Amino acid sequence: MDEQTPGTPSDAPAPQGPTLFDWEFATDPYPAYAWLREHSPVHRTRLPSGVEAWLVTRYADARQALADQRLSKNPAHHAEPAHAKGKTGIPGERKAELMTHLLNIDPPDHTRLRRLVSKAFTPRRVAEFTPRVQELTDHLIDAFAAKGEADLIHEFAFPLPIYAICEMLGVPREDQDDFRDWAGMMIRHGGGPRGGVARSVKQMRTYLGELIHRKRDDLGNDLISDLIRASDHGDHLTEAEATAMAFILLFAGFETTVNLIGNGVHSLFMNPDQRALLQDSLAAGESALLTTGIEELLRYDGPVELATWRFATEPLTLGGQEVAAGDPVLVVLAAADRDPERFADPDTLDLSRTDNQHLGYGHGIHYCLGAPLARLEGQTALATLLTRLPDLELAVPPQELRWRGGLIMRGLRTLPVRFTPRNT
């Protein structure tokens, strides 16, 4: 850390804090977050991009920040020069004219757009999609079950949500592999140079704009068609907004689930007693532990490490710190969800935990719209893997696993596994 901890007397040495956002930190950020919660819970730091921001690490402060409408999602409120704004969102979204989505806007526009998308993204639609998620899950496992080995990230956790969200959006099957390639570029380069991601974002934007044009003449039972219907019925969803909304549903709808599945399987490997309890529960045909277990995996080592960017629209106090107008604020969900002031034994994985109001999918008006679909995919993926491949195990020593660098998401690069080969 490069700042003295607030509240430390000037004649006392400042506690030596951990290094943030290097590769060692990415492997296990939780000790560093514990230090921040105790010594500097709202901490100003310089990020790898060069942008200075506040990190919020305690649960109570995090919930306050996530619901505080003085913290805007609109990058226009960033106090830095315009050139810095490109460092605070999804790479390439500005140049691709994809800024008008739910992660970048505030009420009343946010209220209007979320209402429209909610009409298309109903619990009933997710429930109707359950058999298809199971089919996709079984199909992907069929492809490697006979080999006795697989990389669970690239052969399973990654393609499952890509194909699922493509089908929900209404992307024709013959085009879905293109989306898999573009999304793969985002996964591979999420912590590195932003240029490759920006190119994929531009390709997605071009394709989605063309798809919306085509669907206007052939509406179907899919999310993009529903967005078009909303626009055509006078709810003022512009073509640019429809394209941006389709993009963010795709973008936000796949990587969170990739990491939920990958991190979840990894956590079960590292906690064999909890895995055994879950497998016994599944073998007995029970679902309660799977339901609470997904929530605990989201809390314990969730897919979203930091909530997306917020910017103070006026001076405010957060966790005892004075935050200036224009300052970026990043809520560290991973730190808040292990706050001992909120969760008993927070560093222990307990799949039966019921008092579990974690922040894994956010809080307030920006709570993740796709959370029901992600939960469905996560539950289906874990239950099917553990049932069909009961002796699944890590194929490399845990210390050889590598985590992707990056600011917002937390996920593994690869997850090599082995198991007894099984014919499908």
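Here, the structure is the one placed above.
Right, let's walk through the structure included here. (Residues numbered from 1 in each chain as written. Predicted model: local features only at pLDDT ≥ 70, side-chain atom pairs only at ≥ 80, totals over all residues. Heavy atoms only, no water.)

### Thoughts on the pairing of strand β8 (residues 328-331)
Reasoning step 1: Side-chain alternation along β8 places Pro328 and Leu330 on one buried face and Val329 and Val331 on a second face that is also buried.
Reasoning step 2: Of the pairings in the sheet, the one linking strand β2 (residues 52-56) to β8 comprises 3 bridges and is parallel in character. Across the sheet, leucine 55 pairs through a bridge with leucine 330, a residue of β8.
Reasoning step 3: Strand direction decides the pairing type here: strand β5 (residues 310-312) and β8, joined by 2 bridges, are antiparallel. Bridging from a neighbouring strand, phenylalanine 311 pairs with proline 328 of β8. (Buried < 20%, exposed > 50% of the residue type's maximum accessible area, 1.4 Å probe, protein only. Helix = DSSP H or I, 4+ residues; strand = E, 2+ residues; numbered from the N terminus. Pairing = 2+ DSSP bridges.)

### Points about the sheet that holds β5
What holds strands together in a sheet is hydrogen bonding between their backbones, with the strands either parallel or antiparallel.
Reasoning step 1: Spatially, 5 strands are ordered β1-β2-β8-β5-β3 in an open sheet, and the strand pairing comes out mixed. Edge strands, defined here as strands with exactly one partner in the open sheet, are β1 (42-46) and β3 (71-72).
Reasoning step 2: Bridge count for β3 against β5 is 2 bridges, and the pairing is antiparallel. Residue pairing across strands places leucine 71 opposite alanine 312, the latter belonging to β5.
Reasoning step 3: Here helix α3 (residues 59-67) sits on the sheet and contacts β1, β2, β3, β5 and β8; the angle it forms with β8, its principal contact strand, is near 125 degrees. (Contact = heavy atoms within 4.5 Å. Axes fitted to C-alpha atoms, helices over the stretch in contact; angles between N-to-C directions.)

### Some points on the nonpolar core
Reasoning step 1: In this structure, Leu152, Phe156, Phe179, Val265 and Leu415 are the most contacted members of the largest nonpolar core, which totals 87 residues.
Reasoning step 2: With 15 residues, the top contributor of residues to this core is helix α13 (residues 239-270).
Reasoning step 3: Contact partners of phenylalanine 156, with chain neighbours within four places excluded, come to Thr137, Leu140, Ile141, Phe144, Asp151, Ile261, Ala381 and Leu385.
Reasoning step 4: Counting 41 residues, the second largest nonpolar core, distinct from the first, contains Ala32, Leu36, Ala65 and Ala307. (Core = buried A, V, L, I, M, F, W, Y, C linked by side-chain atoms within 4.5 Å.)

### Thoughts on empty space enclosed by the protein
Reasoning step 1: Counted under the stated rule, the structure contains 2 cavities of 30 Å³ or more.
Reasoning step 2: Lining the largest cavity are Val265, Leu268, Phe269, Arg275, Leu382, Leu385, Leu386 and Leu392.
Reasoning step 3: The set of elements that each furnish at least two residues to the lining of the largest cavity consists of α13 and α17 (371-388).
Reasoning step 4: Counted by class, the lining of the largest cavity contains 7 nonpolar, no polar and 1 charged residues.
Reasoning step 5: In this model, the second largest cavity occupies a volume close to 40 Å³. (1 Å grid on protein atoms, 1.4 Å probe; cavity = no way out; pocket = protein on both sides within 12 Å on 5 of 7 lines; lining within 4 Å. Points joined across faces, edges and corners; volume = space filled by probe spheres on them. Nonpolar A, V, L, I, M, F, W, Y, C, P; charged D, E, K, R; others polar.)

### Here's the deal with the sheet that holds strand β4 (residues 149-151)
Reasoning step 1: As summarised here, the arrangement of the 3 strands in space is β4-β10-β9, forming an open sheet in which the pairing is antiparallel. The strands lining the two open edges of the sheet, one partner per strand, are β4 and β9 (393-394).
Reasoning step 2: As judged from the 2 bridges shared by β9 and strand β10 (residues 416-418), these two strands associate in the antiparallel manner. Each bridged residue has a counterpart across the sheet, and for glutamate 393 the counterpart in β10 is arginine 418.

### Considering helix α2 (residues 30-39)
An α-helical turn contains 3.6 residues, so a residue and the one three or four places further along point in the same direction.
Reasoning step 1: Inspection of α2 places Tyr30, Ala32, Tyr33, Trp35, Leu36 and Arg37 among the buried residues, and these make up the whole buried set.
Reasoning step 2: The inward-facing, buried residues of α2 contact α1 (23-27), β1, β2, α15 (288-301) and α16 (333-336).

### Section: the pattern of salt bridges
Reasoning step 1: Applying the stated criterion to the full structure yields 24 salt bridges.
Reasoning step 2: Of the charged contacts, one joins aspartate 347 and arginine 338 as a salt bridge, the two residues approaching to 3.1 Å between their closest N and O atoms.
Reasoning step 3: We classify arginine 338 as buried; its relative accessible area is 7%.
Reasoning step 4: Between arginine 342 and aspartate 355 there is a salt bridge, with the nearest N and O atoms lying 3.0 Å from each other. Linking arginine 342 in the loop between α16 and α17 with aspartate 355 in the loop between α16 and α17, this pair joins segments that are 13 residues apart in sequence.
Reasoning step 5: A relative accessible area of 48% places aspartate 355 in the partly exposed class. (Salt bridge = Lys/Arg side-chain N within 4 Å of Asp/Glu carboxyl O.)

Fair warning: the whole summary comes from geometry, so function is off the table for now.
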